[in-house]
Amino acid sequence: MGNDTNGAVADCDVVVVGAGFAGIYALWKAEQRGLTVRGFERGSEVGGTWYWNAYPGARCDVASYNYAYFFDNEIVREWNWSDVCSNQEEIQRYLSFVAEKCNVTRLITFDTRVEAVSYDAASALWTVQTADGETVVCRYVVLAVGALSEPKAPDIEGVDSFAGEAHFTSSWPRDRVVDMKGKRVGVIGTGSSGVQCVPEIAKVASDVFVFQRTANFVTPTLSGPMDPEVVETMRQDPGAVRKELRSTYGGNQPLYIGPDRFNDLDEAGREKALWHAWEQREVALAFWDSHLPEANAAISEFIRQRMLEVVKDPWTADKLVPWDHPYGGKRPCQSDVYLQTYNQPHVRLIALRETPIEKIVPEGIVTSAETIPLDVIVYATGFDALSGPVRALNITGIDGVSMGDIWADGPVNYLGTMVHGFPNLFLPSSAMSPSVLSNMATLAEQQIDFIFDTIRWLDSNDQAGLHPSSDSQDFWRDETLRFAKRVPGALTTESWYNGANIPGKPRRYMVYRGGFNRYHEACYAELDSGFKGYELLSASAAQ
Ligand code: N01
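Report follows, based on the coordinates. These numbers were taken from a predicted model, which means no experiment stands behind them.

The rules behind the values
- Counting from 1, residues in each chain are numbered in the order their sequence is written.
- The predicted nature of this model means local features are confined to residues of pLDDT at least 70 and side-chain atom pairs, given and counted, to a pLDDT of 80 or more, with totals for whole chains, interfaces and linings taken over all residues.
- Where side-chain values are given, they derive from all heavy atoms of the structure, hydrogens and water being excluded.
- Strands here are runs of E lasting at least two residues and helices are runs of H or I lasting at least four, both read from the DSSP assignment and numbered beginning at the N terminus.
- Every helix has an expected span of 1.5 Å times one less than the residues it contains.
- The buried label goes to any residue with under 20% of its type's maximum accessible area, the exposed label to any with over 50%, and the partly exposed label to all in between, with areas taken from a 1.4 Å probe on protein chains only.
- Taking the helix axis as origin, the arc is that swept by the directions to the C-beta atoms.
- By the convention used here, residues are in contact when the closest approach between their heavy atoms is within 4.5 Å.
- By convention in these notes, a residue is near a molecule or strand provided one of its non-hydrogen atoms lies within 4 Å of it.
- The term polar contact refers here to a pair of N or O atoms within 3.5 Å; inside protein, the definition further demands a hydrogen-donor-capable atom paired with an acceptor-capable atom, and it admits residues adjacent in sequence only when both atoms are side-chain atoms.
- In this classification, Asp, Glu, Lys and Arg are treated as charged, Ala, Val, Leu, Ile, Met, Phe, Trp, Tyr, Cys and Pro as nonpolar, and every other residue, Gly included, as polar.
- Paired rings are identified among Phe, Tyr and Trp, the last through its six-membered ring, by centres lying within 6.5 Å, and are further divided according to the angle between planes into stacked (under 30 degrees), edge-to-face (over 60) and tilted (the rest).
- Put simply, a charge is over a ring when the Lys NZ or the Arg CZ is close to the ring centre, within 6 Å, and near the line of the ring normal, within 35 degrees.
- When DSSP finds at least two bridges between two strands, those strands are taken to pair.
- Here an angle of 0 to 180 degrees is reported between the N-to-C directions of two axes, which are lines fitted to C-alpha atoms, with helices fitted over the stretch in contact.
- Here the nonpolar core consists of buried residues drawn from Ala, Val, Leu, Ile, Met, Phe, Trp, Tyr and Cys, with membership extended through side-chain atoms lying within 4.5 Å.
- Any angle between 65 and 115 degrees counts as roughly perpendicular, while under 35 counts as roughly parallel, over 145 as roughly antiparallel, and the rest as oblique.

Quick word on helix H15 (residues 470-484)
Relative to the 21 Å expected for 15 residues at 1.5 Å per residue, H15 spans 21 Å between its end C-alpha atoms, a close match to the ideal helical length. Those residues of H15 that fall on the buried side of the exposure criterion are Ser472, Gln473, Trp476, Glu479, Thr480, Phe483 and Ala484. Taken down its axis, H15 places every buried residue within 130° of arc, on the same side. Where the residues of H15 are buried, they touch strand E21 (463-468) and helix H16 (516-528).

This is the structure:
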């Protein structure tokens, strides 16, 4: 604290914005490294994504064995998950437990939105400004604001005219139970959030209308009791688990991967492999080389057939099946009950490709075919993903250049964590890291470790800061595209992965698909090379 740089005085070393998986760990890590730190969180409690998305049915479809922290043995050994797919309430409780255990809650100012973050090159310091008007001056900023935290604004005429209750899955009321008992409920959107909330709503509502624009792949979940033997193995050596997670493609220890290559099998062998993987509830990993277009096509077709078998009404079944994109082009959904819900007489699918929504009116939703009267509308319409949360902040770097302008044609960065012209500003879980296509808990730990190892390197090498060179950014943009091209459907499917869900958003594939292991190696190769891909600001130059 009080680093006197060119006359300016810092209030603290680090400001962390956001108190989800990455933010909580960043606060702890800063204190462990002897840095002074403050945190800001717009929610009233820790949790980030898991605080806001408290809609009925919200749960994680990444296995709890790995969707957790591994930096502390006591945390791993003391916490008991109740299910392989933990629900929102349990994950948020876990994050509160970790924050208390790490004694970081006291560092966080809650119910406070950070609005602007600006850099002063003369002092090499950042000023963080909150919506309440507080300013904090610091050396380093960690924007742990998440990848899916900026809700997509509804792009439907008449949204504000609806006379009933309207709720977003992305900011579900936490101060009361939304009473949908005996009501006519319309759910717009059939991504993971829609797929999870529709069955729960159908348990209480008198009528449920699901407004689907694009059908999604839906496969069974991994839900079920935790295997005590697996839990015990992980508890014996959490450090080894952590190391192993970082050496995998997805930041997970997959529970099953088909042992055979697709092209080594005949038709019968492929069918057998698909059924076996289906029974393990890992059909996407039916083959050792499931990423190949021909293997992906077989997996996609297999899932479509399984989906058709569940839904009794042939028209509804056909509409629910994603014929227009390959598995993985959009984020696949998981549920054991979603498709089955359509077999109930009070649940009706509205296929918007045939009968689009025209507008919302006080009494309900008007499609090209009819007016559907509703008491409640649930918007499960998604997010301005990955780049959106960063763009929502007013960030200015060297020479007052705005991040909004730099990212006007799509996000640019190096290693998914830093942007040229914005020294000492770190963006974990934003665009062009393994991000949402990896285990976000593993990623949070890895990125925060890398960020604080970078800060330690700066301090031990008498450097005031660093930012990536523009050449490094160009290289990383090309790398991200190179790997995206290898993924079936990545560039051709309308998806939030590439910005297609937001009208006018530039198309840029925003997830690094080279694998978590390759990403981790690339980060630490930079550190080992003395940050060859970055521009350094020497401490003496900033004084
Ligand atoms: O959002 P989405 P989500 N008219 O963007 C539709 C994570 N997550 O909140 O596809 C009509 O996937 C839109 O239609 P289309 C996970 O990474 C994880 O469901 O654009 N429809 C789509 O169907 C996930 O991918 C878990 O044609 C409109 C839906 O709204 C991510 O969060 C659980 C529309 C939006 O789907 C986002 O999921 C939940 C309009 N004007 C979420 N605008 C886990 O289990 C949008 N749509 C870990």
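So, next bit.
Topic: the site of the ligand
As a structural note, the neighbourhood of the ligand is formed by 25 residues, with Lys152, Asp155, Ser193, Thr214 and Lys330 the closest of them. Within the contact set of the ligand, a nitrogen atom lies 2.7 Å away from a side-chain nitrogen or oxygen of Lys152. Between the ligand and the protein, one listed contact pairs an oxygen atom with a backbone N or O atom of Ala380 at 3.2 Å. Take the shell around the ligand: its biggest share by element is three residues, from helix H5 (residues 192-204). Classifying every residue of the shell around the ligand gives nine nonpolar, nine polar and seven charged.

A few points about the packing of aromatic side chains
Within this structure, the stated rule accounts for 34 aromatic pairs. Taking NZ or CZ as reference, Arg42 lies 4.6 Å from the ring centre of Trp52, over its face. Positioned over the ring face of Phe262 is Arg270, at 3.8 Å from the centre of the ring.

Describing unusual backbone geometry
In this structure, Ser429 is a non-glycine residue whose phi angle is positive, near 65°. Exposure remark for Ser429: the relative accessible area of 8% places this residue in the buried category.

What to know about the sheet that holds strand E16 (residues 364-367)
With antiparallel pairing, three strands are arranged side by side in an open sheet as E15-E16-E17. The open sheet has two edge strands, strand E15 (357-361) and strand E17 (371-373), and neither has a second partner. Across the sheet, the axes of successive neighbouring strands diverge by a mean angle of 20°, strand direction being ignored. When E16 meets E17, the two strands line up antiparallel, connected through three bridges. The residue bridging Gly364 from the neighbouring strand is Pro373, located in E17.

Details of the nonpolar core
One finds Phe21, Tyr69, Tyr94, Leu95, Val142, Leu386 and Phe452 to be the most contacted residues of the largest nonpolar core, which totals 87 residues. At 10 residues, helix H14 (residues 440-460) tops the list of elements feeding residues into this core.

A short note on the packing of H14 against H16
The geometry of H14 relative to H16 is characterised by a closest axis approach of 10 Å and an angle of 5° between their N-to-C directions. As summarised for this structure, H14 and H16 are arranged roughly parallel, according to the angle between their axes. Taking contact as the criterion, the partners of Thr442, Leu443, Gln446, Gln447, Asp449, Phe450, Asp453, Thr454 and Trp457 in H14 are, on H16, Phe516, Tyr519, His520, Cys523, Tyr524 and Leu527. Residue composition of the contact of H14 with H16, by class: eight nonpolar, five polar and two charged.

Things to note about the pairing of strand E14 (residues 347-351)
Burial of E14 is extensive: four of the five residues sit out of reach of the surface. For strand E11 (residues 207-212) and E14, the ladder comprises five bridges, and the chain directions are parallel. The partner of Phe211 across the bridge, within E14, is Ile350.

Quick word on the sheet that holds strand E9 (residues 165-168)
Read from one edge to the other, the open sheet built from five strands follows the order E9-E18-E10-E11-E14, with strand pairing classed as parallel. Looking at the sheet topology across the chains shown, the edges are occupied by E9 and E14. The mean angle between the axes of side-by-side strands here comes to 20°, regardless of whether they run parallel or antiparallel. Two strands pair when backbone bridges link them, and strand E10 (residues 184-188) and strand E18 (residues 376-379) are joined in this way by four bridges, in the parallel orientation. Bridge pairing in E18 links Ile188 to Tyr379. Packing against the sheet, H5 makes contact with E10, E11, E14 and E18, and its axis sits at approximately 175° to E10.

Comments concerning the side chain of Ser433
Secondary-structure assignment places Ser433 in the loop between strand E20 (425-426) and H14. Owing to a relative accessible area of 0%, Ser433 belongs among the buried residues under this scheme. With residues near it in sequence (within four places) discarded, Ser433 still touches Gly416, Leu443, Gln447, Met510, Val511, Tyr512 and Tyr519.

Digging into the environment of Val145
Here Val145 is to be found in the loop between strand E8 (135-143) and E9. Residue Val145 is classed as buried on the basis of its relative accessible area of 19%. Sequence separation between Val145 and Val17 is 128 residues; the distance between their C-alpha atoms is 6.2 Å. Non-local contacts of Val145, meaning those with residues more than four positions away in its chain, are made with Val17, Pro389, Val390 and Leu393.

Description of H14
For H14, spanning 21 residues, the distance from its first C-alpha to its last is 30 Å, which sits close to the expected 30 Å at 1.5 Å a residue. Summarising burial for H14: 17 of the 21 residues are buried, a large majority. Just downstream of H14, Asp462 is the residue with a positive phi angle, here 55°.

Some thoughts on the side chain of Ser86
Within the secondary structure, Ser86 sits in the loop between helix H3 (73-78) and helix H4 (88-101). A distance of 2.5 Å separates the side chain of Ser86 from the side chain of Ser64, its partner in a polar contact. Setting aside its immediate chain neighbours within four residues, Ser86 contacts Arg59, Cys60, Ser64, Trp81 and Ile91.

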